[in-house]
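Reading the structure
Chain by chain, the residues:
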Amino acid sequence: MADAEPMQVPVPGGEKRACPALEEEVDHSSKRPRVQKDEKNGGGLSHNLPQDEGEGSEAEEPELLEEDGEVEAVGSGEAFAEMMKHGLTELDVGILKFVSEHKGFSGILKERYSDFVVHEINKEGKIVRLDDLSVPEEVEEVPAEQPDQTESQVLTEEQKQEMERLQQFKNKEDSVSIEVADYTKEKRTLVHKAIKTLFPGLETKTEEREGKKFIVAYHAAGKKALAEVKTAAAPRKHSWPKSRGAFCHFVLYKENKDTMEAINVLSKFLRVRPNAFSYMGTKDKRAITVQEIAVLKITAERLSHLNKCLVNFKLGNFCYKKHPLKLGELQGNHFTVVIRNITGTAEQIQQAMTSLRDTGFINYYGMQRFGTTAVPTYQVGKAILQDNWNEVIDLILKPRPGAEKGYLVKCREEWAQSQDPEAALKKLPVKRCVEGQLLRGLSMYGKKNIVTAFAMIPRNNRLMYIHSYQSFMWNTMVSRRIEAFGLKAVEGDLVLRGGTAYILSAAEAETHSIQDVVMPLPGFDVIYPTHHVGKGYREMLSADNLDIDNMRHRVKDYSLAGAYRRILIKPSDVSWEVINYDDHRVSLVHTDVEKLENQPAPVFNKEGKYRALGMEFSLPPSTYATMAIREVLKMDTSIKNQTQLNTSWLN
């Protein structure tokens, strides 16, 4: 889900990242209008595109660009808060209303990434957990001819130990050499194959020194060499038993990595393309997440070996199946959330959590849908829909206040001064960010062909801008709907019947609840409520110089079909507890990996000077956990507000 996410604040001394990886572009695009499902977000982008919160992404998968919009390290919390004061607040994106009556209280979310844990709920309705690291036993089909020496036998125990130390970066040298002067060509081939199969991430080559032949093992992935790995090579062919399913399914536990970043790391170490992997939804970066992944014709044994050399990852629960996973197959996500330094009384907390369990929360699109800098993504989306391409370019490339990497600031300044795409492009060390792709397009096609130049940005990232505008419209209209009619169904509201929207009469409204009511995202394939709030769609679009009766665009990609989304969502499996603690650096959640390693659960000091609210709940796909938490706290979930809270708390 580079994490410009709501309520994510860099904390001095925070947990480390490991295993950086290049990012590959992927495209699971889908243009079909949806009911109750929406194209969610993910992938790190330098322009303030939205991020997935690990909340059940199930539709269009963003193409991965370099994470050039991440905030640079800042010397102090105050400096970061000062830069983030230009960011968006909830009021800016139409998030205005609450459903509960309790008095709100403050707290800090994601002070540590381990305060936010997401477990996928699979299509059978089971919460996906990592609880088994063993490799499944199976009866291998015996080939007609067995080689004299197997891959495992061709290496001595001492050589295997050396390879393992090399794989884990534990030896002083950056390579291991095996003298093979007396080996036959067949045996040398076995040695090459054994090293690559038994020790993922290692590559081999043959060298001649002083008349003697050596096989040299070295890192193909990891640390500095990782950036140089060629991903275009086809997967190595290994015999695959016909009786075994072609896909190895496994549970991926990851810390502080989004799903695509994790898959890129795995693909480098296994020397396969990222599209060999499939999954049901993308998950957060600033979190601990557990989800099911499938990969084509990679054995459980090879995957298991990665546990020895990867940091902040753990793979397990291996099994073979005949089919991959598909986006959207999940039933939702289960969240374990810790909100630290809470101020609420026991009565306030009880009222808040009871309301969340029994009534639910407004199904707003969360803050990460709209970006984090001074230029909201929905403004770019509006300009695209208006066919105002000069405005699109200006919004993406112009200088803006707030937190950005230094070279992006220089790139924007150069563009503002010279309007020269090639000169601005030279300021970017990495060209695969949104700004880089756009400048490259302008350099190739000129400023008179902006539509073509803009198309250099991957399609799904371009579509996120207009989806952001739809989301802004939906949030705004739902706030108006609740302001006008409260939490009851009324004449003119929309409900779904068999996937089709239906307008309620006054009598029918009496037999329906607010839980049944949906509101449309604007488009050419939806209908609108017939009460006065529904008419507000036309007024709001007209104010933006858009025609509600003509939501088709001259560029087909930017034509909006529309969709329907429920106004209220009621979480399931809701539970909570108040935790007292003394040290804000200590994790308050017992993770799957800690349980596997038989580490004791956190022990809470009942007399601790700080209090935290620990909560668990499950949500369906395409809903935002931060909006559920917002309903509990009744406070602004924007990174702007949470940065200020966290800075005060750290001080």
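Before any of the text, the structure's been laid out above.
Residues numbered from 1 in each chain as written. Predicted model: local features only at pLDDT ≥ 70, side-chain atom pairs only at ≥ 80, totals over all residues. Heavy atoms only, no water.

Quick notes on the overall build of the chain
- When its secondary structure is counted, the chain shows 18 helices and 19 strands.
- Accessible area of the chain: about 27500 Å², with a carbon and sulfur share of 48%. (Helix = DSSP H or I, 4+ residues; strand = E, 2+ residues; numbered from the N terminus. Areas by Shrake-Rupley, 256 points an atom, 1.4 Å probe, with all protein chains shown as cover.)

With respect to the packing of helix 7 (residues 377-385) against helix 8 (residues 389-397)
- Direction vectors running N to C along helix 7 and helix 8 enclose 160°, while the axes themselves pass 8 Å from each other. One way to sum up the angle between helix 7 and helix 8 is to call them roughly antiparallel. Where helix 7 crosses over helix 8, the two elements pack in a sense that is left-handed. Seen from helix 7, the contacting residues are Gln 379, Val 380, Ala 383 and Ile 384; seen from helix 8, they are Trp 389, Glu 391, Val 392, Leu 395 and Ile 396.
- Considering only residue class, the contact of helix 7 with helix 8 consists of seven nonpolar, one polar and one charged. (Axes fitted to C-alpha atoms, helices over the stretch in contact; angles between N-to-C directions. Parallel < 35°, antiparallel > 145°, perpendicular 65-115°, else oblique. Left-handed = near helix turned anticlockwise from the far one by under 90°. Contact = heavy atoms within 4.5 Å. Nonpolar A, V, L, I, M, F, W, Y, C, P; charged D, E, K, R; others polar.)

What about the nonpolar core?
- Core analysis: the biggest nonpolar cluster contains 102 residues, and Phe 454 and Phe 617 have the highest contact counts within it.
- The element best represented in this core is helix 13 (residues 459-485), accounting for 10 residues.
- With sequence-adjacent residues up to four places away left out, Phe 617 is seen in contact with Asn 333, His 334, Phe 335, Val 337, Pro 571, Ser 572, Asp 573, Val 574, Ala 625, Ala 628 and Ile 629.
- Listed in part, the 27 residues of the second largest apolar core include Leu 270, Ala 300, Leu 306 and Cys 309. (Core = buried A, V, L, I, M, F, W, Y, C linked by side-chain atoms within 4.5 Å. Buried < 20%, exposed > 50% of the residue type's maximum accessible area, 1.4 Å probe, protein only.)

Observations regarding the packing of aromatic side chains
- As enumerated under the stated definition, the model contains 14 aromatic pairs in all.
- Relative to Tyr 320, the ring of Trp 240 has its centre 5.9 Å away and its plane inclined at 75°; by these criteria the two rings are edge-to-face. Note that Trp 240 is positioned in the loop between strand 6 (212-219) and strand 7 (247-255) and Tyr 320 in strand 10 (residues 313-321), a separation of 80 residues in sequence. You'll find Trp 240 and Tyr 320 in the same group, each marked buried.
- Taken together, the ring pairs in this structure connect Trp 389, Phe 454, Tyr 465 and Tyr 558 into an aromatic cluster.
- The positively charged end of Arg 552 is found above the aromatic ring belonging to Phe 524, 3.7 Å away from the centroid. (Phe/Tyr/Trp six-rings, centres within 6.5 Å; stacked < 30°, edge-to-face > 60°. Lys NZ or Arg CZ within 6 Å of the ring centre and 35° of its normal.)

Details of unusual backbone geometry
- Unusually for a residue other than glycine, Asn 312 sits at a positive phi of about 65°.
- For Asn 312, the position within the fold is in the loop between helix 5 (300-305) and strand 10.
- One non-glycine residue, Asn 598, lies in the positive phi region at around 60°.
- For Asn 598, the position within the fold is in the loop between helix 16 (592-596) and strand 19 (610-619).
- We classify Asn 598 as exposed; its relative accessible area is 69%.

Examining the side chain of Asn 363
- Mapped onto the secondary structure, Asn 363 falls in the loop between strand 12 (361-362) and helix 7.
- The contacts of Asn 363, once residues within four sequence positions are left out, are Trp 474, Arg 565, Arg 566, Ile 567, Leu 568, Ile 569 and Thr 623.

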